[in-house]
Amino acid sequence: MKIKICIIGCGTFGSYLTKRLLEKHGDSIDITVIEIGNQKTQTESEIGLDSISENSTVSKDGRYFGFGGTSARWGGQVLFFDKRENSNNNATWNRIIDINDKHKNTVINKLLGGKEKYKLPQDQNNIKTGIWLKYNKRNLFNRLNKKNLKKINLHSDLRVVDFIFSDDKISKLICKSKKGQTKEITADIFYLTAGTLESCRLLMQLNKTTGFLNSTGLGENFGDHISTELFHIYQSAPIINGIDFTPHLYKGSLITKRMIVQTDDGIFGFLHCVFNKNIKSFKFIKELLFGKRTTTVTFSEFISGFIFLFQFVFHLFFKQKLYVDKNLWSLQLDMEQAFPNSNKLSLASNTDQYGENSLHVDWDISKHDIDSISEMRKKVEQLLRKNNLKYTPLYNPASTNNKVEDVYHPVGCLRMGHDEKAIVNYNGQVKNIKNLFHFSTGIFPSAKSINPSAAVCCFIEEHLENWGK
Ligand SMILES: Cc1cc2nc3c(=O)[nH]c(=O)nc-3n(C[C@H](O)[C@H](O)[C@H](O)COP(=O)(O)OP(=O)(O)OC[C@H]3O[C@@H](n4cnc5c(N)ncnc54)[C@H](O)[C@@H]3O)c2cc1C
């Protein structure tokens, strides 16, 4: 008899998991996928969910619904955690990094999707290399071909709202359509891949009736990267300490470099270059690629950038790298928020369009976060001086008016580990529930110096390697 699998949410990780399950165990399983959306990518309010969030935009602007989920709108930067981000030899991070190391080449090649194998170069000192996936490789739902789709039962426009238990296992799911019709889905194994926020909301809802996760830190320590533009740099190539940060092309994807940074008390982050920001025609290309349906760039602004466009195309096709305007570029700092922290997710008393409890996102930038940015700003300024780069500061440590934003890398609230408060184990299994597995960036205690999505795929690979053992 075939094993019945049910996947909740066909976004970034739901799509990756479905594809890999079919590749590895296709003949022995029956897969049902429940997806709240459909072909159209929708925002939180369009899909009918709701959240209350005083200081963070992650729930409104940082998640998308429908086939491919947020990968329909994400940047597609692929990076992995490594040993340099665990200077205090933390046991949980040792395990996370080992699993990243073990599977990163598989994940890169699955995400690049070509036949040829690509291997990230061995990084030196504090430089980390990543891949910016080419545009048509970004939406992970599109990796499921017609043959794959024929093999699964895909229910669209259906939301999972509840779990039914017998003993220590889930026996079925309760699903609801927007019109209020309900459907029950049974399976042997369930995968919760509904995004960090909705997965956490569903587990909190479940915990309200069962108390299964009472001893854990479910919803707590909700972190992100906080991002700010530190300096404008003038009239020089983006070379720091002899490293050229110009992205170069690999089969339509871009190979990027960033600098890992760390405060004296062990908070990690990364410094990266932002190019061509004030060039309207570049802005237009980016808006187009990120799927915006409207643009703020006028036709004349676009055309007036003709020389830039010529250089851009010439560099891409003949020099295999991104054209960078050396007159002006900037250095952006993204810092992780400390773990533990006082941010948390909880159920609100309001209800959404499905009649389900809204999510309360209690998130803020702490004094510790601001101190980390200030410390790093000082260190980066010394670096710029040492490199004889001409700059003007943008971030003013003495002001409270700096632009500091969260950048949609939600972590901490569904943390993995081997301690009492961990919510999932290293195999993705949710504590005290034998047949429920969860994958999202929420499993990481913090975001360190990477955009963390590809690192989650390493845990899906690890889980599939342990499958049936
Ligand atoms: C603008 C932007 C740029 C980003 N850039 C990067 C980047 O460059 N690199 C990087 O690593 N990360 C990036 N991220 C973060 C990255 O997009 C997310 O970490 C990742 O897409 C999350 O994947 P997921 O599968 O957990 O959630 P999603 O991709 O959001 O998938 C969740 C799916 O579940 C469905 N769903 C939700 N609730 C239910 C329910 N109750 N029942 C049924 N279905 C449900 C949704 O419709 C959706 O399809 C970016 C994010 C944003 C917003």
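Residues numbered from 1 in each chain as written. Predicted model: local features only at pLDDT ≥ 70, side-chain atom pairs only at ≥ 80, totals over all residues. Heavy atoms only, no water.

Colleague: Is there a simple way to explain empty space enclosed by the protein in this structure?
Modeller: Gaps left between atoms show up when a probe the size of a water molecule is rolled over them. Going through the model one piece at a time under the given rule, you end up with two cavities of 30 Å³ or more. There is about 50 Å³ of room inside the largest cavity. Lining the largest cavity, in full, are Glu229, His232, Val274, Phe275, Asn276, Lys277, Asn278, Leu328, Trp329 and Ser330. Contributing elements (two or more residues each) for the lining of the largest cavity: strand E11 (225-234), strand E16 (268-275) and strand E17 (328-336). What the second largest cavity holds in volume is close to 40 Å³. (1 Å grid on protein atoms, 1.4 Å probe; cavity = no way out; pocket = protein on both sides within 12 Å on 5 of 7 lines; lining within 4 Å. Points joined across faces, edges and corners; volume = space filled by probe spheres on them. Helix = DSSP H or I, 4+ residues; strand = E, 2+ residues; numbered from the N terminus.)

Colleague: In this structure, what is going on with the side chain of arginine 201? I would like to understand it.
Modeller: Turning to its location among the elements, arginine 201 is positioned in helix H6 (residues 196-210). In this view, arginine 201 contacts Arg159, Leu347, Glu356, Asn357, Ser358 and Leu359; residues no more than four positions away in its chain are not counted. (Contact = heavy atoms within 4.5 Å.)

Colleague: I'm lost on the packing of aromatic side chains in this one. Help?
Modeller: Each aromatic ring pair is described using two quantities: the centre-to-centre distance and the angle formed by the ring planes. Counting across every chain of the model gives 14 aromatic pairs. With 4.8 Å between their ring centres and 70° between their planes, phenylalanine 81 and tryptophan 93 make a pair best called edge-to-face. Pair noted here: phenylalanine 81 is in the loop between strand E4 (77-78) and helix H4 (91-112) and tryptophan 93 is in helix H4, with a separation of twelve residues, a long-range link. In this structure, phenylalanine 81 and tryptophan 93 share a single accessibility class: buried. Each ring, one from tyrosine 191 and one from phenylalanine 437, has its centre 5.7 Å from the other, and the planes form 35°; the classification is tilted. (Phe/Tyr/Trp six-rings, centres within 6.5 Å; stacked < 30°, edge-to-face > 60°. Buried < 20%, exposed > 50% of the residue type's maximum accessible area, 1.4 Å probe, protein only.)

Colleague: Whenever I open this one, the site of the ligand confuses me. Can you help?
Modeller: Surrounding the ligand, one finds 37 residues, the nearest of these being Thr12, Glu35, Thr70, Gln77 and Ser453. In the model, a nitrogen atom of the ligand is placed 3.0 Å from a nitrogen or oxygen of the glutamate 198 side chain. Within the complex, 93% of the 1,000 Å² of free accessible area of the ligand lies under protein. Elements supplying a minimum of two residues to the shell around the ligand: helix H1 (12-25), strand E7 (159-166) and H6. When its residues are assigned to classes, the shell around the ligand shows 13 nonpolar, 19 polar and five charged. (Near = heavy atom within 4 Å. Polar contact = N/O pair within 3.5 Å; in protein donor to acceptor, adjacent residues only side chain to side chain. Areas by Shrake-Rupley, 256 points an atom, 1.4 Å probe, with all protein chains shown as cover. Nonpolar A, V, L, I, M, F, W, Y, C, P; charged D, E, K, R; others polar.)

Colleague: Would you mind showing me how to read the pattern of salt bridges here?
Modeller: Should their charged atoms come close, side chains of opposite charge can pair. As enumerated under the stated definition, the model contains 29 salt bridges in all. Taken together, the shared-partner salt bridges connect Asp82, Arg84, Glu85, Asp123 and Lys128 into one network. (Salt bridge = Lys/Arg side-chain N within 4 Å of Asp/Glu carboxyl O.)

Colleague: Hey, could you run me through the nonpolar core in this one?
Modeller: Among soluble globular proteins, nonpolar side chains are generally buried collectively. If you look at the biggest cluster of nonpolar residues, it comprises 128 residues, and the most contacted ones within it are Leu21, Leu173, Tyr191, Leu203 and Phe444. Apart from residues no more than four positions distant in its own chain, leucine 203 is found in contact with Leu192, Leu213, Leu218, Leu414, Ile423, Val430 and Leu436. With five residues, the next largest nonpolar core counts Ile36, Ile47, Phe65 and Tyr354 among its residues. (Core = buried A, V, L, I, M, F, W, Y, C linked by side-chain atoms within 4.5 Å.)

Colleague: Help me out: how do you make sense of the sheet that holds strand E18 (residues 344-351) in this one?
Modeller: Backbone-to-backbone hydrogen bonds join strands into a sheet, with any given pair of strands oriented parallel or antiparallel. Taking strand neighbours across the sheet as the criterion, the three strands line up as E3-E19-E18 in an open arrangement whose pairing is mixed. Looking at which strands have only one partner, the edges of the open sheet turn out to be strand E3 (51-53) and E18. Taking each pair of neighbouring strands and ignoring which way they run, the sheet shows an average axis angle of 30°. One ladder, built from five bridges, connects E18 with strand E19 (residues 357-362); its direction is antiparallel. The residue of E19 that forms the bridge with leucine 347 is leucine 359. (Pairing = 2+ DSSP bridges. Axes fitted to C-alpha atoms, helices over the stretch in contact; angles between N-to-C directions.)

These results come straight from atomic positions and should not be treated as a statement about function.
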